[in-house]
Amino acid sequence: MRIDIITVLPELLKSPFEASILKRAIEADLVEVHFHNLRDYTTGNYKSIDDTQFGGGAGMVMSIEPIDKCISKLKEERNYDEVIYMTPDGETLNQGIANHISLKENIIILCGHYKGVDQRVRDLLITKEISIGDYVLSGGELGAAVLCDAVIRLIPGVLGNETSALTDSFQDNLLAPPIYTKPRNYKGLEVPEILLSGHAANIDKWREDQAYQRTKERRPDLLDK
Ligand code: ADE
């Protein structure tokens, strides 16, 4: 998979890709991540990527020209399956969307800033709009990092144990069951007896029941899906 991220603040985005699982995925060539600074696609001495709104109103709007130039250049080099715009009014990210995107070959992610982008960018160039939740960030970069993390860890080979992404919360629309490690007793708090039984089928059944109970208590909306 190849991810091209278009941003005015590449330095804000880079560190998540320089540590831990994402770093290992890149080093193992399971994913390529490229950053494109929108200012490199501006013309003139004053490298402006934004302008005031037509019709008046507070806040600057990102202009179409540098974004179009950047996306067009990338599209000359390869085909893209999705051109994603990070925006609070997009579809809210969930595990299903992450699963869907993880199957793509090449994607572009555009990070918004200021008031957002000229509507014509969205009409002409964007194929998918994603929000990471009902709150407003100062730019799309942190949202893009969240999306990339959720997607990259699903690429086969990225997680050490191939099955572990399948047992995450939200796969099957269930939250994950409780988990325990040593010691067996900590200040009088015991590990559930069943997990020490060695009986694999009973343990699976217990985990399923716990996952269901936890989902019913905390996120009953997931059970309706
Ligand atoms: N940009 C600003 N707020 C955002 C959000 N909630 N999700 C994605 N991108 C954003």
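Here is what the cut-offs are and how they apply
- Residues numbered from 1 in each chain as written.
- Predicted model: local features only at pLDDT ≥ 70, side-chain atom pairs only at ≥ 80, totals over all residues.
- Heavy atoms only, no water.
- Helix = DSSP H or I, 4+ residues; strand = E, 2+ residues; numbered from the N terminus.
- Rg over C-alpha atoms; globule rule 2.2 N^0.38 Å.
- Contact = heavy atoms within 4.5 Å.
- Areas by Shrake-Rupley, 256 points an atom, 1.4 Å probe, with all protein chains shown as cover.
- Near = heavy atom within 4 Å.
- Polar contact = N/O pair within 3.5 Å; in protein donor to acceptor, adjacent residues only side chain to side chain.
- UniProt positions renumbered as here; feature names shortened; annotations may be inferred.
- Buried < 20%, exposed > 50% of the residue type's maximum accessible area, 1.4 Å probe, protein only.
- Phe/Tyr/Trp six-rings, centres within 6.5 Å; stacked < 30°, edge-to-face > 60°.

**Student:** Honestly, the overall build of the protein chain in this entry has me stumped. Any pointers?
**Tutor:** The helix and strand inventory of the protein chain stands at eight helices and nine strands. For the protein chain, the C-alpha radius of gyration of 22 Å lies well beyond 17 Å, the compact-globule estimate for 225 residues. The C-alpha extent of the protein chain, read off along each of the three principal axes, is 70 × 40 × 35 Å. In the protein chain, once contacts between residues fewer than 6 apart in sequence are set aside, the share between residues at least 24 apart is 75%. For the protein chain, the accessible area works out to roughly 13300 Å², and carbon and sulfur atoms hold 51% of it.

**Student:** Any chance you could explain the site of the ligand here in plain terms?
**Tutor:** Around the ligand sit Met86, Thr87, Pro88, Ile130, Ser131, Ile132, Gly133, Tyr135, Val136, Leu137, Gly139 and Gly140, and those are all the residues in its vicinity. Within the backbone of threonine 87, an N or O atom sits 3.3 Å from a nitrogen atom of the ligand. A total of 260 Å² of accessible area belongs to the ligand in isolation, and the protein chains cover 96% of it. The set of elements that each furnish at least two residues to the shell around the ligand consists of strand E5 (82-92) and strand E7 (128-131). A total of three residues in the shell around the ligand trace back to one element, the largest contributor, which is E5.

**Student:** Sorry, what's going on with the UniProt feature "binding site: S-adenosyl-L-methionine" (unreviewed entry) in the protein chain here?
**Tutor:** In the numbering used here, UniProt assigns the "binding site: S-adenosyl-L-methionine" (unreviewed entry) feature to Gly112, Ile132, Gly133, Asp134, Tyr135, Val136 and Leu137. By the element assignment, isoleucine 132 lies in the loop between E7 and helix H6 (141-152). Note on isoleucine 132: relative accessible area 22%, which makes it partly exposed. Discounting chain neighbours no more than four positions away, the residues touching isoleucine 132 are Met86, Leu93, Leu137, Gly143 and Val146. Relative accessible area serves as the criterion here: at 8%, glycine 133 is assigned to the buried category.

**Student:** I would appreciate a short explanation of the packing of aromatic side chains in the present structure.
**Tutor:** The relative placement of two aromatic rings is captured by the distance of their centres and the angle of their planes. Counted under the stated rule, the structure contains one aromatic pair. Judged by centre distance (5.6 Å) and plane angle (70 degrees), the ring pair of phenylalanine 17 and phenylalanine 35 falls under edge-to-face. Of this pair, phenylalanine 17 sits in the loop between helix H1 (10-13) and helix H2 (20-27) while phenylalanine 35 sits in strand E2 (residues 32-37); the two residues are 18 residues apart in sequence, bridging distant segments of the chain. Given a relative accessible area of 6%, phenylalanine 17 falls into the buried group. Note on phenylalanine 35: relative accessible area 24%, which makes it partly exposed.

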